[in-house]
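Commentary on secondary and tertiary structure
One letter stands for each residue in the lines below.
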Amino acid sequence: MSEPALLEVRALDVHFSVRGPGLLPSRLTLRAVDQVSFDVRAGEVLGVVGESGCGKSTLSRALLKLIPATGGSVRLRGVELTTLPKAAMRPLRRSMQMIFQDPLASLDPRMTVGEIIAEPMKALLPAMGRVEREQRVLRTMQQVGLLPAQINRYPHEFSGGQAQRIGIARALVVEPQLVICDEPVSALDVSIKSQIINLLLDLRAEHGLTYIFVAHDLATVRHIADRVMVLYLGRVMEITDRDALYARPLHPYTRLLLSAVPIPDPALARRRRVAPAREELPSPLALPSGCAFRTRCPLADARCVAERPVLREIDGRYVACHHAEAAAA
Amino acid sequence: MNGDARHTWANWVPGRGAARKAEALAAGAVQGRSLWQDAWGRLRCNRAALASLWVLGVITLAAIVVPWVWPYGYAQPDWNLMYAAPTWAGWHIFGTDALGRDLFVRVMWGCRISLMVGVVATLVTLVIGVTWGAVAGFAGGWVDSLMMRIVDILYSLPFIPFVIVLMVLFGRDLFLIFVAIGAVSWLDIARIVRGQTLSLRKREFVEAALASGVGNAAIVRRHIVPNLIGIVVVYVTLTIPSVILFEAFLSFLGLGVQAPLTSLGGLVSDGAAVLQSHPYMLIIPASFLAVIVYCFNFIGDGLRDALDPKDR
Amino acid sequence: MAASLLEIRNLAVRFTTGDGPVYAVNDLDLEVRRGEVLGMVGESGSGKSQTWLAIMGLLAKNGRAEGSVRLGGEEILNLPQRALTRLRGERMAMIFQDPMTAMNPFLTVGRQMTEVLEWHRGMSRREARARCIGALESVHITDAARRLSMYPHEFSGGMRQRVMIATALLTEPQLLICDEPTTALDVTVQAQILALLDELRQRFGTAIVLVTHDLGVIAQLADRVIVMYAGRQVEQAEVHTLYGAYRHPYTEGLLRSVPRLDQPRSARLATIPGRPPDLARRPAGCPFEPRCAYASEICRRQMPPLVSLGDAHLRACHYDGALGPQERGA
C-alpha cells in the first residue's frame, strides 16, 4: 500500500439507539456499522458485499455524512470528515457523490431531467452561469447515453435503466473523484444491468473515477471491483483483492456467500448442490458473543464464542477469523 | 400555487399543450409530460368532475355578474309584492320573500357570500395549516412534538361553542366569520401536511439532494413543497364545501351574516320558517347549496383520483 | 411424458389505461405437466407475472384476459368469483415475491393458516391446528407450535416465505405458482428456499411454475423453460437444451449478459443494446427486432410464428443461421 489512500476509514461506528419492547422499555443499541476500517485507493473500485442488514447501506450513507457516525474516523485526502461542521463539509461534497439503488425513487417526480442533473451544480458551484450549466448538463447526458432531446422530460417517462442513467449523470456532473454506488443495478433487469455496469466501467476509465460499489450480488461485484470487502452484521469479515477472493476465500462467511450464488448452468447448478446453512441471521440487537458469524459457521469452536476475531493481515489479505491461517495454508 | 414556472396553473390549460409541444419540437427538445399534465388529462376523462367544474363555473360567474346587472338590489323591498311565487312578471323568476325582496338576486348574493366564505376561510386554513405542518414535519424532534401537542389540545376544544362565543364577543362581522372558521379548521390540514412532510423527508430523492450538497431551505422549496401541492389541492377542494356547510349551519342558527345581507344558509333558514305556505323559499336556496357542495365534492374526488400515482 | 395438468391456449391479457390499451400477454400457448417444474423467465414487462395473475383471477381492475385455460380439462379462465375462490384454495395456489403483503399483519400466522383449512376442508380449529403444525414442520420451521401464535412481522423474510409455502400447500394443490419467490431474499436464504421447493415437489408431486427474471434460479430447479419477451413466448425447451443449445437471439443475449462465477471474468459484459419494449405499441414484426443483432428485413415486417425444432424445442424467430459463440454445446 505505497500510494496514499483517497479515503481512510478507521474503526467507524454507526450505532442507533432503539426502544426495546415492553411498557417501560429499555434503550437497546443497534450496531449497524461496528468498528469498520478500510482504505480506498485513488482509481480503484472497492466492492462492498453482504446480506441485507449487514450495514452496507448505512456505511455508504455514513461516509457521506447523511447519517452521523457515532465513533471512529473518515478521512478524505487526509481531511477528517466526521467532526467537520456542515458548512465546511459542503465543498468536499464535490469530490464525493452517490448513486442510489432505486432509480425512480431517487429522482424528484416533479422535476425535469435537466433540473435534476443541474441541481448539484446549483448547490456546489453557485458561481457557474446558466449557459455553462446547461452545456454541462447536456455534455453529461451524452456521456451517460441520454439524448439531449430528453432534457425536458420527467422521470416517470423513463424506464428503470434510463432513469438510472439520470442518477449517474447527476452524480458525475460536478466531476467528483469518489462515487459511492449503493446497489446501482440491483433493481434493474438483466439486459439493462449489464449496460449500466459497462457504462460505469467506461466512465471510470474516462474520468479516472474511484468507486465504492455496494452490492449483495457477488457475481456482479466480481465484474466491477478490484478489491472486495465482505460485511456481516456491521462488521468486516474479509477484505481481499478480487482474484484472490474468488479463487480462494479465507473467511467461512465468504465461502458461504459464494456457494449460494446461483449458477446459470443447469448441469453445474445441480451437481454443486450445497447444504445450505440452517441457522438464519441473528438479530442485530442481540449479536452473538465473540465472532458475529459463529452461529452459522461450520468451524465455530469455544474460542469463537469467547473472543471476537480482529481483522488481521494474512498473505496480503485481511481476514477476521480465528481459523483463517488454517484456510490459508 | 408556487413561483416556479412549471407548476403554474397555466400549464393546466388544455389547448395550450399542443402549441407548446410544437414549439419545443421545433427547438429540438422533446417536451416532457409533467405529473400535472398527466393529472389534468385524467381529470378530463372524469365526466362527473368535469361537469361539476362547468356547473360551478356558471354559478360563480352568475354570483359575480347578476347582482350588478339585475334590476333589483338584495335589500330592496317591494311592499306590494310579498311572498310572490316565481313568475316572469317583473322578472321575479324565483319569486319574492316576506318583505317583497327579489329572491333571485338574494340567492345570487347568497351564493356569492357562501363561496367567498368557503374560499377565504379555506385560504386561512391553508396558510396556517400548511405552514404549521411543514415546519413541524421538517424540523422534527422536540419542535415537532411541541407543535403537534398544541394541535392536540386545540382539537379537544369544543368547536361550535367556540365559534359562537367568538361571534357573540366580536359581533357578526363578515370578515370575522372567515377568520373564525379558518382559525378552527386548520388542524386537520396541519396534521396531513406534517405526515406528508415526514414521509417526503425520508424519500430517496430528498436524500439524493442532501448527498448532492443541496441546503435545507432549497430542499424544502424545490422538493418538499412541490410534492405537497397535490395532496393540499385535494384537501382544499374538500374543505371548501365543508366550510360552506358550516357557515350555512351558523346562519341557520342566526349567527351568520348580518341582515339584510344574506348567505345560502340564511336563505334556507328563512325558507324553513315558511315551508308550509311558500315551499319555493326553501327549495330554491337549498338546491343551490346542495349543488355547490356536490360539485366541490365531485371535483375533489376527481382530483384525488387524477393525482393518485398508484393509478399509473 | 407425463399428462398435462394445465393447458393454456391463445391467452391474451390487455389493460386499458388513460393512454390507450397495453398488451401485456399475446397469443400464449403452453402447458404445465403433472409434477414438473416449469420455469418462466423474462424481464419486467415480459408478461410473465400477468399470465399467472390472469389464470388465478387476480388481474388488476383494468385488466382483461381472453383465450382458454383448462385445469385438468376444465375451463377456468374468467370464472365467477365464487368458483375462483374455491379453485384457488383447493387446486392451485400462488406465492409472491413479498410474503409480507400477502399476509394480514393483524392476525397470527396460525389463525391465517387454520382459516384456510376451516374454510376449504371444513375442519375443526383443533384439527386444523394439528395439520398446520405438520405443514410448518414440512417446510423446516422448528418449534412450529409456538410459531403459530406469532405475527407475520416477527418472522424474517425467509421464514415468511416458508410460511407462505406451507400455507399454499395445506390444501394439497396440484399446481403451485411461485412468482419471483426468492427475489426479495438474500442469496443464502434463496438457496434454502429453492432446495425446499425441490424437496416438496419430490415429496408431494406438486407441479410448480417458477416465474423469475433470474436465470440462475431457473437453472437450479426447472425441468422445462419458457422465455418471454414483450408478452410473447420466444423460446421453449427442456432446461439443458435451453442453456446449452438455445436458438433465440434474445435467450442468447440474456444468458450472455448475466455476470457469472463459473466462468473466467471477462473485461466487459455482453449486453443487449436498446431498451425494453413499449407494450402500448404492437409492431407488425418481431418485438425484439429493434434490439436484435441478427435482425433482417423480414423481422420488421412479419411476426415470427412459434415453430417446433423437434425434441420439444420451440422458438419464434426468422433467423436461421448460427448464433454467437456457443462453446458450451449441449
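Shown above is the structure to which this text applies.
Cut-offs applied
- Residues numbered from 1 in each chain as written.
- Chains lettered and ligands numbered in written order.
- Predicted model: local features only at pLDDT ≥ 70, side-chain atom pairs only at ≥ 80, totals over all residues.
- Heavy atoms only, no water.
- Bend = angle between axes of the 7 residues up to and from the residue.
- Helix = DSSP H or I, 4+ residues; strand = E, 2+ residues; numbered from the N terminus.
- Buried < 20%, exposed > 50% of the residue type's maximum accessible area, 1.4 Å probe, protein only.
- Core = buried A, V, L, I, M, F, W, Y, C linked by side-chain atoms within 4.5 Å.
- Contact = heavy atoms within 4.5 Å.
- Phe/Tyr/Trp six-rings, centres within 6.5 Å; stacked < 30°, edge-to-face > 60°.
- Lys NZ or Arg CZ within 6 Å of the ring centre and 35° of its normal.
- Buried area = accessible area lost by both parts, 1.4 Å probe.
- Salt bridge = Lys/Arg side-chain N within 4 Å of Asp/Glu carboxyl O.
- Polar contact = N/O pair within 3.5 Å; in protein donor to acceptor, adjacent residues only side chain to side chain.
- Nonpolar A, V, L, I, M, F, W, Y, C, P; charged D, E, K, R; others polar.

Residue and element names in this part refer to chain B. For helix α10 (residues 216-252), the principal kink sits at I224 and spans about 35°; a proline, P226, occurs within the next four residues. For α10, the tally of buried residues reaches 26 of 37 residues, placing the bulk of the element in the interior. Positive backbone phi, approximately 90°, marks G254, located one or two places after α10.

Within the largest apolar cluster, 141 residues are counted, with the highest numbers of intra-cluster contacts made by A:I168, A:F213, B:V107, B:F288 and B:I292. In terms of residue count, α10(B) provides more of this core than any other element does, 16 residues in total. If we skip the residues at most four places from it in the chain, B:V107 touches B:F94, B:L264, B:L267, B:I284, B:P285 and B:F288. Listed in part, the 66 residues of the second largest apolar core include C:M159, C:L200, C:C286 and C:Y294.

All right, on to helix α9 (residues 204-211) of chain B then. Burial of α9(B) is extensive: seven of the eight residues sit out of reach of the surface. Taken together, the buried positions of α9(B) are occupied by B:E204, B:F205, B:V206, B:E207, B:A208, B:A209 and B:A211. Residues of α9(B) that are buried sit in contact with α1 (56-63), β6 (96-99), α3 (113-124) and α5 (160-172) of chain A together with α8 (186-201) and α10 of chain B. Of the residues one or two after α9(B), B:G213 is the one with positive phi, at around 90°.

As a further point, take the packing of aromatic side chains. Enumeration over the complete set of coordinates arrives at 14 aromatic pairs over all chains. A ring pair is formed by C:Y250 and C:F288, whose centres lie 5.1 Å apart and whose planes are at 65°; its orientation type is edge-to-face. You can see C:Y250 sitting in helix α10 (residues 249-257) and its partner C:F288 sitting in the loop between α10 and α11 (297-301), a full 38 residues away along the chain. Put simply, the rings of B:W70, B:F94, B:F104 and B:F288 touch in pairs and so form one group of aromatic residues. Positioned above the aromatic ring of A:Y246 is the side chain of A:R222, whose terminal nitrogen or guanidinium carbon lies 5.9 Å from the ring centre. We note B:R201 situated over the ring of B:F138; from NZ or CZ to the ring centre the distance is 5.4 Å.

To continue, consider the interface of chain A and chain C. Size of an interface, as often reported, equals the accessible area lost when the parts are brought together. At the junction of the two partners, chain A supplies 43 residues and chain C supplies 51 residues. In total, chain A and chain C occlude about 4200 Å² of area from one another, counting both sides; carbon and sulfur atoms represent 53% of this. Run the count over chain A and chain C and you get one salt bridge. The shortest N-O distance in the salt bridge between C:R268 and A:D202 comes to 2.7 Å. Inspection of the region where chain A meets chain C yields 19 residue pairs in polar contact (both at pLDDT 80 or more). At the level of elements, α6 (190-207), α7 (218-224), α8 (242-247), α9 (252-260) and α10 (266-271) of chain A are the ones that each hand at least two residues to the side of chain A that touches chain C. By residue number, the principal contributor to the side of chain A that touches chain C is α6(A), which donates nine residues. In the side of chain A that touches chain C, the residues fall into 22 nonpolar, 10 polar and 11 charged.

Scanning all chains against the criterion turns up 46 salt bridges over all chains. A salt bridge links C:E180 to C:K48, with the nearest nitrogen and oxygen atoms 3.7 Å apart. You can see C:E180 sitting in the loop between β7 (175-179) and α7 (187-204) and its partner C:K48 sitting in helix α1 (residues 48-56), a full 132 residues away along the chain. Assessed through its relative accessible area of 8%, C:E180 is described here as buried. What makes C:K48 buried here is its relative accessible area of 6%. C:R91 is paired through a salt bridge with C:E74; the nearest N and O atoms lie 3.0 Å apart. On the criterion of sequence distance, the pair formed by C:R91 in the loop between α2 (81-90) and β6 (92-95) and C:E74 in strand β5 (residues 74-75) is long-range, its members being 17 residues apart. For C:E74, a relative accessible area of 40% translates into the label partly exposed. By sharing partners, the salt bridges in this structure join A:R61, A:D182, B:E204 and B:E207 into a single network.

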